[in-house]
Amino acid sequence: ELAALQRRLETLERGRTEREEAGWRGLVRTYEAMRPRDAATIFNDLELPVLVEILDRMNERKAAPVIGAMRPEKARTVTAELARFRAQRNTAD
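Trainee: So what about the overall build of the protein? Which residues, and what values?
Mentor: Along its length, the protein carries five helices and zero strands. Written out in order from the N terminus, the α and β elements of the protein read α-α-α-α-α. For 93 residues, the compact-globule estimate of 2.2 N^0.38 gives 12 Å, and the protein exceeds it by more than 25% at 17 Å. Judged by the C-alpha coordinates and their principal axes, the protein covers about 55 × 25 × 20 Å. Buried positions account for 24% of the 93 residues belonging to the protein. Within the protein, counting contacts between residues at least 6 apart in sequence, those at least 24 apart form 69% of the total. Of the roughly 6800 Å² that the protein leaves accessible, carbon and sulfur atoms contribute 54%.

Right, dumping it as structure tokens:
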């Protein structure tokens, strides 16, 4: 009975994670479709945790011009935070 409950919980968690990831992917596609300057204007004022999640999922070729169009201080901050985020994720794997 406990094993069945554990499998059910794992299935529910997997479904929640997949729905959450699909939501992020939709948001990323929106920003990738925007002109870099327009996206950068929004990114300049976006909360850092959200910005990191979006930039981590963006295609690097599309993210680069957006970061380049951001305010320099915000671009430096998000770059450092993104590096920490990826390093933590890689050590967790």
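Back to the write-up after that little detour.
Trainee: Can you break down the packing of helix H1 (residues 2-33) against helix H3 (residues 48-57) residue by residue, with the values?
Mentor: It is at 9 Å that the axes of H1 and H3 come closest, and there the two elements cross at 80 degrees. What the angle tells us is that H1 and H3 run roughly perpendicular. Only Val50, Glu53, Ile54 and Arg57 of H3 make contact with H1, whose side of the interface consists of Glu21, Trp24, Leu27, Val28, Tyr31 and Glu32.

Trainee: Kindly report on the pattern of salt bridges, identifying the contributing residues and their values.
Mentor: If you walk through the whole model with that rule in mind, you get 10 salt bridges. A salt bridge links Glu21 to Arg57, with the nearest nitrogen and oxygen atoms 2.8 Å apart. A residue pair is termed long-range when its members are at least 10 positions apart, and Glu21 in helix H1 and Arg57 in helix H3 qualify at 36 residues. Using a relative accessible area of 26% as the deciding quantity, one classes Glu21 as partly exposed. Judged by its relative accessible area of 25%, Arg57 is partly exposed. For the salt bridge of Asp56 with Arg89, the shortest nitrogen-to-oxygen distance reads 2.5 Å. Of this pair, Asp56 sits in helix H3 while Arg89 sits in helix H5 (residues 72-92), and the two are 33 residues apart along the sequence.

Trainee: Which residues make up the packing of aromatic side chains, and what values do they have?
Mentor: Summed over all chains, the structure comprises one aromatic pair. The interplanar angle of 55 degrees and the centroid separation of 4.8 Å between the aromatic rings of Tyr31 and Phe43 together place this pair among those described as tilted. On the criterion of sequence distance, the pair formed by Tyr31 in helix H1 and Phe43 in helix H2 (residues 36-43) is long-range, its members being 12 residues apart. An identical accessibility class is assigned to Tyr31 and Phe43; each is buried.

Trainee: An account of the nonpolar core is needed here, citing residue identities and associated values.
Mentor: Side chains that are nonpolar tend, in soluble globular proteins, to be buried together. One finds Phe43, Leu51, Ile54, Leu55, Met58 and Met70 to be the most contacted residues of the largest nonpolar core, which totals 18 residues. Contributing elements (two or more residues each) for this core: H1, H2, H3, helix H4 (60-69) and H5. With four residues, the single largest contributor to this core is H3. Excluding anything up to four places from it in sequence, Leu55 contacts Phe43, Ala63, Ile67, Val78, Leu82 and Arg86.

Cut-off values and rules
Residues numbered from 1 in each chain as written. Predicted model: local features only at pLDDT ≥ 70, side-chain atom pairs only at ≥ 80, totals over all residues. Heavy atoms only, no water. Helix = DSSP H or I, 4+ residues; strand = E, 2+ residues; numbered from the N terminus. Rg over C-alpha atoms; globule rule 2.2 N^0.38 Å. Buried < 20%, exposed > 50% of the residue type's maximum accessible area, 1.4 Å probe, protein only. Contact = heavy atoms within 4.5 Å. Areas by Shrake-Rupley, 256 points an atom, 1.4 Å probe, with all protein chains shown as cover. Axes fitted to C-alpha atoms, helices over the stretch in contact; angles between N-to-C directions. Parallel < 35°, antiparallel > 145°, perpendicular 65-115°, else oblique. Salt bridge = Lys/Arg side-chain N within 4 Å of Asp/Glu carboxyl O. Phe/Tyr/Trp six-rings, centres within 6.5 Å; stacked < 30°, edge-to-face > 60°. Core = buried A, V, L, I, M, F, W, Y, C linked by side-chain atoms within 4.5 Å.

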